[in-house]
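Close look at the chain arrangement
The chain contents come next:
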4 protein chains.
Amino acid sequence: MTFKKSIKFPLILVNLKSYYETIGSKAEELTKIAEEVADSTGVCIGIAPQYMDLRQIDRFRIPVFSQHIDPILPGAHTGHVLAESVSATGAVGAILNHSERRLELSSIEMIVERLRSLGLISVVCASSLRVAMAVASLDPDMVAIEPPELIGSGIAVSKAKPEVVSGSVEAIKRINSRIVVLCGAGISSGSDVHAAIQLGTSGVLVASGIVKAPDWKKALLDLATSAAET
Amino acid sequence: MTFKKSIKFPLILVNLKSYYETIGSKAEELTKIAEEVADSTGVCIGIAPQYMDLRQIDRFRIPVFSQHIDPILPGAHTGHVLAESVSATGAVGAILNHSERRLELSSIEMIVERLRSLGLISVVCASSLRVAMAVASLDPDMVAIEPPELIGSGIAVSKAKPEVVSGSVEAIKRINSRIVVLCGAGISSGSDVHAAIQLGTSGVLVASGIVKAPDWKKALLDLATSAAET
Amino acid sequence: MTFKKSIKFPLILVNLKSYYETIGSKAEELTKIAEEVADSTGVCIGIAPQYMDLRQIDRFRIPVFSQHIDPILPGAHTGHVLAESVSATGAVGAILNHSERRLELSSIEMIVERLRSLGLISVVCASSLRVAMAVASLDPDMVAIEPPELIGSGIAVSKAKPEVVSGSVEAIKRINSRIVVLCGAGISSGSDVHAAIQLGTSGVLVASGIVKAPDWKKALLDLATSAAET
Amino acid sequence: MTFKKSIKFPLILVNLKSYYETIGSKAEELTKIAEEVADSTGVCIGIAPQYMDLRQIDRFRIPVFSQHIDPILPGAHTGHVLAESVSATGAVGAILNHSERRLELSSIEMIVERLRSLGLISVVCASSLRVAMAVASLDPDMVAIEPPELIGSGIAVSKAKPEVVSGSVEAIKRINSRIVVLCGAGISSGSDVHAAIQLGTSGVLVASGIVKAPDWKKALLDLATSAAET
């Protein structure tokens, strides 16, 4: 499977959410560090900044994702997030259906198709094994298993619910072996990443584990080194 | 009443919505033209581009607005639009409660307060006279009267529903004389702007009337010249 | 001001929400007790049961309210709550914009108008003084001040935020003296009701304070006796 | 597969939506006719009335469905539709994710599970083949294929999109052979029902085709006779 030039696996995808710590120039600062860590470890690190920071972040060599896309076509839609506009920033894809920004089922189908037609990667979040299987039927590029009760908990999904992760990997691959599986929720250390990859995933989604870390470089290096060594 | 340095009245506020014609570099092109027209006519023209274009557009000398703000504080809110992040782009304010992106009543109160605390202007849309009065009680900086049935119709609110416009101006000023009143929906010609100002508004919201015009410069000049002469 | 035959003030309006304790026959049981208490104290007690219980509850002599109405006209709207259908159950009105079921601003205007045209009472909830003023401009029959942070808290709004209650009463009456003002959130004792009426309201909204009480009759008698004596 | 006593296949499930023609006593009238037609033809006819009519309709011998369920547990949820309360009316199940009342993906999973634990049938609507496959992974009792563009069109899905219907039947059965497949959208005549059953479905969802028919009995007889003969 090949995406835009810059995506490799394992992938560490850092979701900046609406955190105060990573607005504007701060997002650029974190991305610069991520770029250095990616260069030094050879591990692919992606960044999902806030919408208004997409274009700035794209000036770096690492892949950029939108945090969401709205189920619309171009037109009279004030205040919506249009796939074409995300594409125009240079972003390579988008996270969809995050538990903090859920989508109606048929909207996910529409957006996955629209992203594909624009050459963009879809990373659809799933809150459970069954939801992961459902999502797999919509033919996204990646599925990210994220049990919402572990998000921001500091308890890694790859350690707290290993059977959900490995079961989802297996079930998704059975439905569509082309789909790349990530996992997220509570990821904050290299050993969490190690566990995730051992369970068959191709990488992790991480947010507060990096954004709220006292030392971004150290935190990213910890994850990326583990990813490189697993 | 004084806002950030660049706002003057009458104001022509151009909402780029999610139109295909004004994504990315095209939004910059339209803004450049708007800047020239603003310079040559002395009329203030504001631009509300898509989120990912806010920062680019802010490089011009004319005021930039977000098309929406979400009712959140900084934090774990994937895919939301945070007031602080809009502020960091240099934007001077935001349109709220557009009929294509409606907000719950108490969310409008929260966002108006948050924008004010950040030194940003709130432009709250109202679909009717009563809604305009309701909005006025929430103490926004501006209220834009926009009957949704006229949006994109080519039939200007200032000509089709003059009594709604003048009635709203009067009712809003009675509640809070500090509030600036705009009107929108169906605005596409200089005479629509003339009528709007005659009815007591301080300017217009316009979208397809400019974005879909075959000649942006001509269309903007028409509106701005009328605004200057009224 | 006169509503359907059964409404008098002070009014105690009991919102059964989606509580397990008051489904179906249990809602009837509570209503029977409320009817007895209303008869013995002469105080008007209204009940807002779940949608599917509206018709059963209407067999009692006390006024029944829907907990919500959707902003629709009759037609192809699967799973929505139509004002005409609520009216057909015999209900006298509806609670709108409760903090657990918020409405977009322009939807409130539409529903208030539709209820009036059907002879139904609108009780619009407001989370703050400013929101109460905004709601008053939409010309509902009643406004219920309900600061969301006190709902279910056991701390009565009439004691914790007396200035919000009295300020709202005053501000609402200034906008439209015809509007009846209630208050809610945290109401559970007769002294809470007493305080509410002293602050100028015409009654209270109460939910867990009654539904979760170990003895419904005792709890209702406490509120109603206080209301009668104030 | 066995459901509550009254469900047999082929099933004709009549969705009364929020139509003016079928409020309250009119819903009872239509249900009485449906009961007669079910008796005379031996075909199972279900009715999905508005919430406030669920209990009345349940007095008839034919199965009753809710048009929607909200993703909540019992508690402080004003204006929501609780599965337990639907169950208490005697209803046998609920339609979910109708294109006029869409649900977020993970909400569908939650509601399907809750309905099952209460012994209620879940009929989940799907707008396309892929969505039907996704829904099948959530393990509902029935999936109803309803391309939204054909709803209310008078053009039957079973004739306009036979390949979507037969493809969905096949794909759903491959995922979970226990799931019963219905189809809907544009169904109004016996020949539409015949086509649907020929394509492998176990029945139809119908709304305006019955509700708006000049003669309910004739219209229902036409559908049921075809179903019996196919």
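1. Some thoughts on the interface of chain B and chain C
The interface is formed by 19 residues belonging to chain B together with 19 residues belonging to chain C. Of all residues in chain B, L105, R130 and S137 of chain B bury the most surface against chain C, accounting for 36% of the area lost on that side. Residues R130 of chain C and D139 of chain B are paired through a salt bridge, measuring 3.7 Å at the closest nitrogen-oxygen approach. Counting every contact that joins chain B to chain C gives 8 residue pairs in polar contact (both at pLDDT 80 or more). Examining the composition of the side of chain B that touches chain C, we find that 5 residues originate from one element, helix α5 (residues 129–136) of chain B, more than from any other. Residues that form the side of chain B that touches chain C fall into these classes: 9 nonpolar, 5 polar and 5 charged.

2. Some thoughts on the relation of the copies chain B and chain A
You can overlay chain B on chain A at an RMSD of 0.0 Å; the transform is a turn of 180 degrees with a shift of 0.0 Å along its axis. A rotation of that kind, with that shift, is consistent with a two-fold axis. Closest approach to the rotation axis among the C-alpha atoms of chain B is made by M52 of chain B, whose C-alpha sits 2.1 Å away. When the interface residues of chain B are mapped onto chain A, 100% of them are again interface residues, pointing to one common binding face.

3. Some points on the arrangement of the chains
If you take every C-alpha in chain A and every C-alpha in chain C, the smallest gap between them is 16 Å, and the two do not touch. One finds no contact between chain B and chain D; the C-alpha atoms of the two approach each other to within 16 Å at their closest.

4. Looking at empty space enclosed by the protein
Following the criterion strictly, the structure yields 4 cavities of 30 Å³ or more and no others. Within this model, the largest cavity holds a volume of roughly 70 Å³. In terms of lining residues, the largest cavity is bounded by N97, H98, S99, R102, C125, A126, S127, V131 and E146 of chain B together with S106 of chain C. Among the residues making up the lining of the largest cavity, the classes are represented as 3 nonpolar, 5 polar and 2 charged.

5. A few points about the relation of the copies chain B and chain C
Aligned on chain C, chain B shows an RMSD of 0.0 Å; the corresponding rotation is 180 degrees and the shift along the axis is 0.0 Å. Interface residue correspondence from chain B to chain C reaches 100%, placing this contact among same-surface, isologous pairings.

Thresholds, definitions, all that
- Residues numbered from 1 in each chain as written.
- Chains lettered and ligands numbered in written order.
- Predicted model: local features only at pLDDT ≥ 70, side-chain atom pairs only at ≥ 80, totals over all residues.
- Heavy atoms only, no water.
- Contact = heavy atoms within 4.5 Å.
- Buried area = accessible area lost by both parts, 1.4 Å probe.
- Salt bridge = Lys/Arg side-chain N within 4 Å of Asp/Glu carboxyl O.
- Polar contact = N/O pair within 3.5 Å; in protein donor to acceptor, adjacent residues only side chain to side chain.
- Helix = DSSP H or I, 4+ residues; strand = E, 2+ residues; numbered from the N terminus.
- Nonpolar A, V, L, I, M, F, W, Y, C, P; charged D, E, K, R; others polar.
- Least-squares fit on C-alpha atoms with pLDDT ≥ 70 in both.
- 1 Å grid on protein atoms, 1.4 Å probe; cavity = no way out; pocket = protein on both sides within 12 Å on 5 of 7 lines; lining within 4 Å.
- Points joined across faces, edges and corners; volume = space filled by probe spheres on them.

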